[in-house]
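Per-entry structural report
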Amino acid sequence: ETGVTQTPRHLVMGMTNKKSLKCEQHLGHNAMYWYKQSAKKPLELMFVYSLEERVENNSVPSRFSPECPNSSHLFLHLHTLQPEDSALYLCASSPEDTNNEQFFGPGTRLTVL
Amino acid sequence: SQQGEEDPQALSIQEGENATMNCSYKTSINNLQWYRQNSGRGLVHLILIRSNEREKHSGRLRVTLDTSKKSSSLLITASRAADTASYFCATDALGGKLIFGQGTELSVKP
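Owing to the predicted nature of the structure, the values given are computational and were not obtained by experimental measurement.

Side note on the overall build of chain B
Broken down by element type, chain B carries zero helices and 11 strands. Secondary structure elements of chain B, listed N to C terminal, follow the sequence β-β-β-β-β-β-β-β-β-β-β. In terms of overall size, chain B behaves like a compact globule, its C-alpha atoms giving a radius of gyration of 13 Å where 110 residues would be expected to give roughly 13 Å. A principal-axis box enclosing the C-alpha atoms of chain B has dimensions of 40 × 25 × 20 Å.

Written out as structure tokens, the structure reads:
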């Protein structure tokens, strides 16, 4: 266990649904991240939060909406997704948002029908 | 193009053999990290090597870094079936944020 948990582990949703992914870290870290991992592609950094403020948004479509209510929790709200959004969504945390080892959660396997 | 690129994309060896994976990158870095991922799971940090270091060891892992060639290698000695996983290098070029390569899929056959 890395100290980072994600729920749900698997999610199937239709294109008109609204769902949320949850990430929680028990490590006292200040930075949290969302990554997307599609088959045969490198991990794509989606969002970075440092001390609950968003510091990076890599041109992610607005159908993905992050929320960081406190330094231990990170959400990814999903609405009107497309089939190509099907992927493994990974959450990670690190002590600070630069030059640190990152601790990953187990991921949420998302399938959009 | 991506910052880190691993080579080979896939590697199949017998238990007990050594496995070597390489990573090349394009811009200057502060450090380079290696991660491991079991199928469909999260990544696990293996080792971090700083730009002023040339070699680092951790158990059966040995990492080298050649900043003049912008390349790194990960050597796993005396491999075991449990080492079967994907291995990724990650560099911190973009303002400290990590950029991952596509990974090397290692298969260790018993």
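Let's talk about the state of the cysteines
If you walk through the whole model with that rule in mind, you get two disulfides over all chains. The residue that forms a disulfide with Cys23 of chain A is Cys91 of chain A, at a sulfur-sulfur distance of 1.9 Å. Its torsion about the S-S bond being -70°, the disulfide of Cys23 of chain A and Cys91 of chain A is classed as left-handed. Here Cys23 of chain A is found in strand S3 (residues 18-25), whereas its partner Cys91 of chain A is found in strand S9 (residues 87-94), with 68 residues between them in sequence. An identical accessibility class is assigned to Cys23 of chain A and Cys91 of chain A; each is buried. Shown here is the disulfide that connects Cys23 of chain B with Cys89 of chain B, its sulfur atoms set 2.0 Å apart. Judged by the torsion about the S-S bond (65°), the Cys23 of chain B/Cys89 of chain B disulfide is right-handed.

A word on the sheet that holds strand S3 (residues 19-24) of chain B
Residues and elements named next belong to chain B. Spatial ordering of the open sheet is given by S1-S3-S8-S7-S6, a layout of five strands whose pairing is antiparallel. For this open sheet the edge positions go to strand S1 (5-7) and strand S6 (55-58), each flanked by a neighbour on one side alone. The sheet shows a mean angle of 20° between the axes of neighbouring strands, taken without regard to direction. Pairing between S3 and strand S8 (residues 71-76): six bridges, direction antiparallel. The residue of S8 that forms the bridge with Met21 is Leu74.

Structural notes on unusual backbone geometry
Of the consecutive residues Thr7 of chain A and Pro8 of chain A, the connecting peptide bond is found in the cis state with omega at -10°. Among the structural elements, Pro8 of chain A can be located in the loop between strand S1 (4-7) and strand S2 (10-13). The linkage connecting Asp7 of chain B with the following residue, Pro8 of chain B, adopts the cis geometry, with an omega of 0°. Relative to the helices and strands, Pro8 of chain B resides in the loop between S1 and strand S2 (10-14).

As for the environment of Ser93 of chain A
Among the secondary structure elements, Ser93 of chain A is positioned in strand S9. Separated by 72 residues in sequence, Ser93 of chain A and Leu21 of chain A place their C-alpha atoms 15 Å apart.

Notes on the sheet that holds strand S8 (residues 73-79) of chain A
Residue and element names in this part refer to chain A. Pairing within the open sheet is antiparallel, and its four strands lie in the order S1-S3-S8-S7. Strand pairing shows two members of the sheet lacking a second neighbour, S1 and strand S7 (64-70), which therefore form its edges. Going across the sheet, the axis of each strand differs from the next one's by a mean of 20°, ignoring polarity.

Brief notes about the nonpolar core
Residues Trp34, Phe64, Leu76 and Leu78 of chain A are the most contacted members of the largest nonpolar core, which totals 22 residues. Secondary structure elements with two or more residues in this core: S2, S3, strand S4 (31-37), strand S5 (44-50), S7, S8, S9 and strand S11 (108-112) of chain A. Not counting residues up to four positions away in its chain, the partners in contact with Phe64 of chain A are Met46, Phe47, Leu76, His77, Leu78, Leu81, Asp85 and Tyr89 of chain A. Ile13, Leu32, Ile47 and Leu65 of chain B belong to the second largest nonpolar core, which has 20 residues in total.

Remarks on the packing of aromatic side chains
Per the stated rule, a full pass over the model turns up seven aromatic pairs over all chains. Both rings, one in Phe104 of chain A and one in Tyr35 of chain B, keep their centres 5.8 Å apart while their planes meet at 80°; by these two values the pair is edge-to-face. Of this pair, Phe104 of chain A sits in strand S10 (residues 103-104) while Tyr35 of chain B sits in strand S4 (residues 31-37), each in a different chain. Comparing Phe104 of chain A with Tyr35 of chain B shows no difference in burial state: the two are buried.

Quick notes on the rules
Residues numbered from 1 in each chain as written. Chains lettered and ligands numbered in written order. Predicted model: local features only at pLDDT ≥ 70, side-chain atom pairs only at ≥ 80, totals over all residues. Heavy atoms only, no water. Helix = DSSP H or I, 4+ residues; strand = E, 2+ residues; numbered from the N terminus. Rg over C-alpha atoms; globule rule 2.2 N^0.38 Å. Disulfide = S-S within 2.5 Å. Buried < 20%, exposed > 50% of the residue type's maximum accessible area, 1.4 Å probe, protein only. Pairing = 2+ DSSP bridges. Axes fitted to C-alpha atoms, helices over the stretch in contact; angles between N-to-C directions. Core = buried A, V, L, I, M, F, W, Y, C linked by side-chain atoms within 4.5 Å. Contact = heavy atoms within 4.5 Å. Phe/Tyr/Trp six-rings, centres within 6.5 Å; stacked < 30°, edge-to-face > 60°.

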